[in-house]
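Fold and contact review
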Amino acid sequence: MKEVLTNPSAGYYMSKDVFGEKGDFITSPEISQMFGELIAIWLINEWTKCGKPTPFQIVELGPGRGTLMSDVLRVFSKFKMAESDFSVSLVEVSPYLSQIQEKCLCKTQNEKISELPIDSQHYKESKSLYGSPVRWYNHISDLPHTFTLFLAHEFFDALPIHKLVKVDQGWREVLIDLNREDSTLRYVLSRERTPAALYCRENEVRKDLEISPQSSVTIQVMASRIHQDGGIGLVIDYGHEGDKTDTFRGFKNHKLHDPLVEPGTADLTADVDFSALKWAATHPRSVEDWKANLTFGTVDQKDFLTRMGINMRLEKLLASCRNEKLANDLKSAHRMLTDPMEMGSKFKFLALYPAVMEKILLKYPPPGFS
Ligand code: SAH
């Protein structure tokens, strides 16, 4: 999965724009500005609750075309957040997508990568349309230490998973093998236990599961930063609470695609196991690392967006609509985002806070979550 999606020369994400009607799949921020706007309001509200610490960074993991961040920054500017109050940090592995993000978010295209100091942790730097610095990083661990608002939308579902099956002898891993007779790829079961089995939790009742060590490690870095530097995390993705078994699949031209056929030409994805993310976020690898963080959710997208006022926002946008087509587009975008049969129930929201905020959150729980 890692090779197919992010191999530097042939990875699916590395050299093309895969989003939207002409691509392979469409995501919520691409459907309507309302999505990013409500997330921005949520972030401002929670940052205010923390006492408006500055300077802070807003981080997005896997920003795609940059649409979500662009909607967030527009709302930040309306709330008169000063450009010097915060910087924008994007964790993006694809150099091609980083260019698209730069076009979307920045005044200028800054290709002078060689001007960055040799020891800099980021690989690219520019300035947003509103004046804040924008920096691109390869990895979450490369981010600077400061108060951070983390956003991850449809990021964790792109991280590699391992498939495990429980047989009489214990856990075995589903591996991918080359069928020498016809040079096709096929699934095989490992003869012995593999290291991936270490990630199974003791109380696991499923006999067939998908685990993602890279997802667990990534959320642990996020959790430890939130504890050490202060911050809040918002993770949004399609997923489940540890009850699903077989969700690995490919998408090409908006249709399901066999992951073993023409790898690199289709998106590969698996539903996010939010129970595993929550477990990892609240269980430090060493006791000194961080005190158990707090998690809220998951809640369904329809509930989060409705509680955050999407119906009111729709009315406001409809009131200033110039023609019927735009009005109908807005209404259908609203339906796509909130209808349980579309994206309303499949997509979930999870929030992460540092343990020190327990008391204030009891009094002022995060909006959208209850
Ligand atoms: N958040 C966007 C795009 C989701 S697609 C949206 O919702 O529209 C996944 C994004 O994560 C892409 O930008 C992809 O290039 C990036 N990505 C995938 N694997 C990554 C990794 N291991 N590290 C950093 N970015 C990654």
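Everything discussed here concerns the structure shown above.
Residues numbered from 1 in each chain as written. Predicted model: local features only at pLDDT ≥ 70, side-chain atom pairs only at ≥ 80, totals over all residues. Heavy atoms only, no water.

**Description of the packing of aromatic side chains**
Quick reminder of the rule: In this scheme Phe, Tyr and Trp rings, the latter by its six-membered ring, pair at centre separations within 6.5 Å, and the angle between planes marks the pair as stacked below 30 degrees, edge-to-face above 60, and tilted otherwise. A run of DSSP states H or I qualifies as a helix once it reaches four residues; a run of E qualifies as a strand once it reaches two. Both are numbered from the N-terminal end. Burial classification: accessible surface area is computed with a 1.4 Å probe over protein chains only, and a residue below 20% of its type maximum counts as buried, one above 50% as exposed, and the rest as partly exposed.
Tallying each qualifying case throughout the model produces 15 aromatic pairs. Seen in terms of ring centroids, Trp42 and Phe369 are 6.1 Å apart; in terms of plane orientation they differ by 55°. Their pairing is tilted. Residue Trp42 is found in helix α3 (residues 33–49), and its partner Phe369 is found in the segment after α11 (358–363); the two are separated by 327 residues along the sequence. As far as the burial class goes, Trp42 and Phe369 line up, both buried. When the ring of Phe76 is compared with that of Phe86, the centres are 5.4 Å apart and the planes differ by 85°; the resulting orientation is edge-to-face. In this pair, Phe76 sits in helix α4 (residues 67–78) while Phe86 sits in strand β2 (residues 86–91), placing the two residues 10 residues apart along the sequence.

**Looking at the environment of Ala82**
Looking at where Ala82 falls in the secondary structure, it is placed in the loop between α4 and β2. Remark: the alpha-carbon pair of Ala82 and Tyr130, spanning 48 residues in sequence, is separated by 8.8 Å.

**Observations concerning the side chain of Asp24**
We count it as follows: Charge counting follows a simple rule: Lys and Arg are positive, Asp and Glu are negative, and His as well as the terminal groups are ignored. In the sections that follow, a salt bridge refers to a side-chain nitrogen of Lys or Arg positioned within 4 Å of a carboxyl oxygen of Asp or Glu. Think of a polar contact as two N or O atoms within 3.5 Å of one another; within protein, one of them needs to be a possible hydrogen donor and the other a possible acceptor, and neighboring residues in sequence only count if both atoms come from side chains. Note on contacts: a residue pair qualifies if any of its non-hydrogen atoms lie within 4.5 Å across the two residues.
Along the chain, Asp24 turns up in the loop between α1 (2–6) and α2 (28–31). Comment: no salt bridge for buried Asp24; closest opposite-charge side chain is Lys16, at 6.2 Å. There is a polar contact of 2.6 Å between the side chain of Asp24 and the side chain of Tyr12. Not counting the four nearest positions on each side in its chain, Asp24 is found in contact with Tyr12, Val18, Phe251, Lys252, Asn253, His254 and Thr265.

**Quick look at a nonpolar patch on the surface**
To keep it simple, the criterion reads: By definition, no residue in a patch forms a salt bridge, and every one has over 30% relative accessible area; like charges are joined within 9 Å, nonpolar side chains (Val, Leu, Ile, Met, Phe, Trp, Tyr) within 5 Å. Note on areas: these come from Shrake-Rupley sampling with a 1.4 Å probe, and a residue is covered only by the protein chains present in the view.
Where nonpolar side chains cluster on the molecular surface, the patch consists of Ile176, Leu178, Leu185 and Tyr187 and spans about 340 Å² of accessible area. Elements with a contribution of two residues or more to the nonpolar patch: β7 (170–179) and β8 (184–189). Topologically, Tyr187 is positioned in strand β8. Under the relative-accessibility criterion, Tyr187 is labelled partly exposed at 40%.

**Focus on the sheet that holds β8**
Two pairing modes exist for strands in a sheet, parallel and antiparallel, and in both the strands are linked by backbone hydrogen bonds. Cut-off, in case you're wondering: Paired strands, in this sense, are two strands between which DSSP finds at least two bridges. Structural elements are reduced to axes, namely lines fitted to C-alpha atoms, with helices fitted over the stretch in contact, and the angle between N-to-C directions of any two is expressed from 0 to 180 degrees.
Overall, antiparallel pairing links the 4 strands, which are arranged β8-β7-β6-β9 in an open sheet. Of all strands in the sheet, those with a lone pairing partner are β8 and β9 (208–211), marking the two edges. Adjacent strand axes in the sheet meet at a mean angle of 35° when their direction is disregarded.

**Examining the site of the ligand**
Counted only if it meets this: A cutoff of 4 Å decides nearness: a residue is near a molecule or strand if any of its heavy atoms lies inside that distance of it. Only protein atoms enter the 1 Å grid used here. Points where a 1.4 Å probe fits but cannot escape make up a cavity, open sets with protein on both sides within 12 Å along at least five of seven lines make up a pocket, and a residue lines them when an atom lies within 4 Å of a point. Cavities and pockets are treated as containing a molecule whenever more than half of the molecule's atoms lie within 2 Å of their grid points. In this classification, Asp, Glu, Lys and Arg are treated as charged, Ala, Val, Leu, Ile, Met, Phe, Trp, Tyr, Cys and Pro as nonpolar, and every other residue, Gly included, as polar.
Near the ligand lie 19 residues; those nearest to it are Thr27, Gly62, Gly64, Glu92 and His153. Contact distances for the ligand include 3.4 Å between a nitrogen atom and a backbone N or O atom of Val93. Protein contact buries 95% of the 570 Å² of open area that the ligand shows by itself. More than half of the atoms belonging to the ligand lie within 2 Å of the grid points that define the largest pocket. Partitioning the shell around the ligand into residue classes produces 9 nonpolar, 7 polar and 3 charged.

**Some details on the sheet that holds strand β12 (residues 255–257)**
The 3 strands are arranged β12-β11-β13 in an open sheet whose pairing can be described as antiparallel. Two strands bound the open sheet, and with one partner strand each, they are β12 and β13 (267–269). For this sheet, the mean angle separating the axes of adjacent strands, direction not counted, is 40°. Strand direction decides the pairing type here: strand β11 (residues 249–252) and β12, joined by 3 bridges, are antiparallel. Across the sheet, residue Lys252 finds its bridge partner in β12, namely Lys255.

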